[in-house]
Structures are given as structure tokens and as C-alpha cells.
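Observations on the three-dimensional arrangement
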Amino acid sequence: MKSISGFSKLSKADKISWLAKYFFTSNPVDIVREFASFAHTNVETQRLFDGISENTLTNFYLPYGVAPNFMINDRMYCVPMVIEESSVVAAAASGAKFWEDKGGFHAEVVSTIKVGQVHFRWEGADPEKLERFFVEVEPRLREGVTHLVANMDRRGGGIIGLELENCQHIEPGLWQLKARFETCNAMGANFINSVLEEFARLLQGEVRNNTSFIGRERTIEIIMAILSNYTPECRVKAWVECPVETLGSFKGNLSAADFGRKFVTAIRIAENDRFRAATHNKGIFNGIDAVILATGNDFRATEACGHAYAARNGQYASLSHAEINDGIFRFELDVPLAVGTVGGLTGLHPLAKRSMELLGNPGAHELMEIIACVGLAQNFSAVKSLVTTGIQYGHMRMHLTNILNHFGASEAEVERAVAYFQDKTISFPSVREYLRTQRADNPRNSELKDGKLPAI
Ligand code: MEV
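The sections below set out a description of the structure shown in this document. Computed from a predicted structure; not experimentally measured. (Residues numbered from 1 in each chain as written. Predicted model: local features only at pLDDT ≥ 70, side-chain atom pairs only at ≥ 80, totals over all residues. Heavy atoms only, no water.)

**Some remarks on the site of the ligand**
Within the structure, the ligand sits among Glu85, Arg276, Thr279, His280, Lys282, Gly283, Asn286, Ala382, Leu386 and Ile391. Contact distances for the ligand include 2.8 Å between an oxygen atom and a side-chain N or O atom of arginine 276. In the model, an oxygen atom of the ligand is placed 2.9 Å from a nitrogen or oxygen of the asparagine 286 side chain. The protein chains hide 87% of the 300 Å² of surface that the ligand would expose on its own. Examining the composition of the shell around the ligand, we find that 6 residues originate from one element, helix H9 (residues 274-294), more than from any other. Its residues assigned to classes, the shell around the ligand shows 3 nonpolar, 4 polar and 3 charged. (Near = heavy atom within 4 Å. Polar contact = N/O pair within 3.5 Å; in protein donor to acceptor, adjacent residues only side chain to side chain. Areas by Shrake-Rupley, 256 points an atom, 1.4 Å probe, with all protein chains shown as cover. Helix = DSSP H or I, 4+ residues; strand = E, 2+ residues; numbered from the N terminus. Nonpolar A, V, L, I, M, F, W, Y, C, P; charged D, E, K, R; others polar.)

Right, here's the structure in full:
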């Protein structure tokens, strides 16, 4: 039976055995062994990972790398990155190196305010009556959540503002209570959601007990209370700039001036063509997500927010901008980022903790600045490749070892192939053909791997 109740209650071994029985074709003993082989050797550490999610069977590894030489606001960082795409760390590192001797990266947090919403239905006939009521009740709502907010208040955060918004354009009778928060070094999702749910409860009571309301005015129906992952006020700007002539010279005989001009045009395309904009911003998030993951932050929230912000003017567009003014090339990124440096996975995952240490244990502001700069470096390197050599030149070089591994190439074959493809076009078929000829011409070249001749 492929359907099951109470799966979460099974032991890990029973979960894997059940999967092996119904979903895998290999021998169940091999499946159990394979899943177990990815478990952490330290039982306590494995227990910690098991607890992070649900129905955990084993761990799914992703490479953890670093991009050194990031000069940001005159401070040098070595940035941790977790990512599965081979060229991303290399691109970030090359962007960092490129700007290191040109003043490095600059970054500035615009603000760090987050938003939460309580959507509710109130079917009174006079909207002004609810608006007057809200002015009267607002201090009591704030008062009613002091037990939840006290800690955050002490750390310099808390509730920044409360507003009532009429949402009748969505549906008759619909309103929302919009709250703005400062959550300091915490991402603050649990804090915000707890406060919002308390607001919802308090609001219901206040409406019920308000003597100026009559009949159906005395009830509100709470639709939902939840933070918004759209945080246009929790935002950071990062930029690089230098005189055009100091950009250097580029592959394909491109002068600094030509490079600068082509680069600015490439960004303008991403600012106006949404097909290009999505790929362009994906490149930015290649860098951002990798640091977000390495520091135990929420990459889904970051992506959702970034893409919503990219469409803030009604058309999805590039998050970065480039221009040349008075001979100065300037490339900048303006991106919302809601991150935490305390609580959540950051304080739990042993490698996330190491990432924070590697970065000098930054607060949320500094981490936002670092992440934005990595996004900008990533974007710079990608567009630099696009307007010079083309992306495949570097990509396929990075991908060569993956292709060789796919064909089970031995270490000696990898070494020879890397040398051979130095000045040749790399593709799946070209690598396959190369290996086939090599092995046919000289069978000893293909050495045995794990006791077998690797198959092509
Ligand atoms: C690939 O992961 C990212 C790029 O496509 C970004 C871009 O095109 O700007 C190279």
C-alpha cells in the first residue's frame, strides 16, 4: 500500500523500510544502508538534524564553500556559501577579487522594518465608525501585547506602528490591521506571528464590548493573522564604483570603455525585459541564497520578497542598476533582505554557527550588507562573462569534472581531460567522445575504478 497513516510515528528504520518496500526497486537492505550512510556519525548531531524537520530519514548534503577577498565597507570578509551550482562560488570569488583593488564593495542598510497583517471581516455599514473605534482602541491593543513585546522593546525593537486599512476593494466587509515591527537581530517571524494572533484576539474582544457598535457591528470574523514576507522597508543597498578606465581590459579584445558600455546596456535590458530580468535576478539570488543558506536563514522568504520587490513598479525588472556618469562606472543593487543572526537555525545548525563566526559574528545589519554585496558580486561576474566570453566558457569548465564524474572517469583521466579541454569547447557529447577515443586508443588510459571499467 503506497498510502499510509501514522507515518510520522514510525521509527526512522521503519520509515525507510516502508519506502524501500513500496517505492524503490533496489534491494531493501541496500536502500537502508545507503540512507544510513548519509547520517551523521555523531548521534547527538544527528538527533539535532532530525529535529530540524519532520519525517527525517537522513541528511542531504550540499557543498559548503567560501568566497574570500570580499572587501566590504573597508573590512575584509571570507564569505561562506552553500550551493549546488558549480560556478557560483567561483563567480562570487572572482567578483570579490575584481573589486578588491578598486575600493571594494560599499553597502548601507536603508531600514529594517517588517510588516504583519491581521485580515478580518467587519460588516458595519459605516467605515468611519470602525476608523474612529480604531483610534480609540489602538493604545489598548498595544497595551495588551506588552507581555509579548517586552523583551524586544528592551533590545531596542518592538512595534513601530499600527494602522487600520480598508480592504473593501478585495471583498465587501474586508479590513486589515497592519503592524510594523523592528525585530533587531532576530528574523522575528515567531515574534511577529505571536503578536499578530494576540492582536486578533484582542480586537475581537474590543469590538464585542464596544457599546457604540450595534447588531452585526459587534462581531468581526478573523480571516488570518500572519507576517508579510514582503519587506520593502527591510532593505539594503550595495554598490561598487570606479573610473571607467580602471575597469581593465577584457577577453575578446574589449577595452574598459567598451566593456562599461556593454555592461550598462546589459543591465538596461534586464530593467526593461522581464524574460531577461528573471534570469538576471536569478544570478543575483545565486549569491544571496548561498549565504542565506550558509548562515541558516530563510531562502524562500528572501526569494519571495526579492521577486515581489522586483515587480514593485508593475513590471518585473532587474534588482540591480548600472550607469556611467562623468567617467565613473557605478553598479548597484537595491534589495530587501530580512535576516536574523540570533535564534532560528542560525543558533542551532553547527555549520551555520561556524558561518557566523567566519563572518565575525555580525549583527543583522552587517549580515544584510554582506549578503547584498555577494549578490552584487555574483551579478557582476555573470554579466561580465555574458558581455565578454559568453557564459558557457566558464560554466562548462566548472562543469567538466561533473561530466567526467558522470562517466566514471578515473583521477588520471580527469587530469588529462582538464588539460585537453583547456582551449576546446566543452559539452556533454564532446567529453563523451573524448573519453571514448582515449579509452579505445589506449585501454590502459581508463584505469579501473572501483574494480570496474567505467562505462561511457
Ligand atoms: C546561472 O545560474 C545564472 C546566470 O544565468 C545569471 C545571468 O544570466 O545573469 C548566469
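**With respect to helix H8 (residues 256-272)**
In an α-helix there are 3.6 residues to a turn, and that puts residues three or four apart on one side. In this model, H8 (17 residues) spans 25 Å end to end at C-alpha, consistent with the 24 Å of a helix rising 1.5 Å per residue. Those residues of H8 lying buried are Ala256, Phe259, Gly260, Phe263, Val264, Ala266, Ile267 and Ala270. Taken around the axis of H8, the buried residues stretch over an arc of 155°, which confines them to a single face. Close packing links the buried residues of H8 with H9, strand S8 (320-325), strand S9 (328-336) and helix H12 (364-387). (Expected span 1.5 Å × (residues − 1). Buried < 20%, exposed > 50% of the residue type's maximum accessible area, 1.4 Å probe, protein only. Arc of directions from axis to C-beta. Contact = heavy atoms within 4.5 Å.)

**Observations regarding the packing of aromatic side chains**
Using the criterion set out here, one finds 26 aromatic pairs in the structure. Ring geometry for tyrosine 420 and phenylalanine 421: centres 4.9 Å apart, planes at 90°, overall edge-to-face. Under the relative-accessibility criterion, tyrosine 420 is labelled partly exposed at 36%. Judged by centre distance (5.4 Å) and plane angle (70°), the rings of phenylalanine 421 and tyrosine 434 are edge-to-face. Highlighted residues: phenylalanine 421 in the loop between helix H14 (411-420) and helix H15 (428-441) and tyrosine 434 in helix H15, separated in sequence by 13 residues. With respect to class, phenylalanine 421 is no different from tyrosine 434; both count as buried. A connected cluster of aromatic rings, assembled from ring pairs, spans Phe98, Trp99, Phe250, Phe259, Phe263, Phe329, Phe331 and Phe380. Across from the ring centre of phenylalanine 98, 3.9 Å away, lies the NZ or CZ of lysine 102, which sits over that ring. Directly above the ring of phenylalanine 299 sits arginine 300, whose terminal nitrogen or CZ lies 4.7 Å from the centroid. (Phe/Tyr/Trp six-rings, centres within 6.5 Å; stacked < 30°, edge-to-face > 60°. Lys NZ or Arg CZ within 6 Å of the ring centre and 35° of its normal.)

**Structural notes on the nonpolar core**
Looking at soluble globular proteins, one finds that nonpolar side chains tend to be buried together. Membership of the largest hydrophobic core comes to 66 residues, with the highest contact counts inside it found for Phe70 and Leu247. Beyond its immediate sequence surroundings of up to four residues, leucine 247 is in contact with Phe98, Trp99, Lys102, Cys242, Ala256, Phe259, Gly260 and Phe329. Phe120, Ile159, Phe181 and Leu227 belong to the second-largest nonpolar core, a separate cluster that totals 31 residues. (Core = buried A, V, L, I, M, F, W, Y, C linked by side-chain atoms within 4.5 Å.)

**Observations regarding the side chain of serine 228**
By the secondary structure assignment, serine 228 is in strand S6 (residues 220-228). One polar contact links the side chain of serine 228 to the main-chain amide nitrogen of tyrosine 230, over a distance of 2.9 Å. Aside from chain neighbours lying at most four places away, what touches serine 228 is Val115, Gly116 and Gln117.

**Overview of the pairing of S8**
Where S8 meets S9, 6 bridges bridge the pair, whose relative direction is antiparallel. Within S9, the position partnered with isoleucine 324 by the bridge is phenylalanine 329. Hairpin connection of S8 to S9: 2 residues between the antiparallel strands, including aspartate 326 at a positive phi of 50°. (Pairing = 2+ DSSP bridges.)

**Describing the state of the cysteines**
Applying the stated criterion to the full structure yields 0 disulfides. Not part of a disulfide, cysteine 167 finds its nearest cysteine sulfur in cysteine 305, a span of 19 Å. Residue class for cysteine 167 comes out buried when judged on its relative accessible area of 3%. Note on cysteine 305: no disulfide assigned, nearest cysteine sulfur contributed by cysteine 234 at a separation of 7.7 Å. (Disulfide = S-S within 2.5 Å.)

**Considering unusual backbone geometry**
Despite not being glycine, asparagine 73 shows a phi value in the positive range, around 50°. Here asparagine 73 shows up in the loop between strand S1 (64-72) and strand S2 (75-82). Its identity is not glycine, yet aspartate 326 carries a phi of approximately 50°, on the positive side. Tracing the sequence through the fold places aspartate 326 in the loop between S8 and S9.

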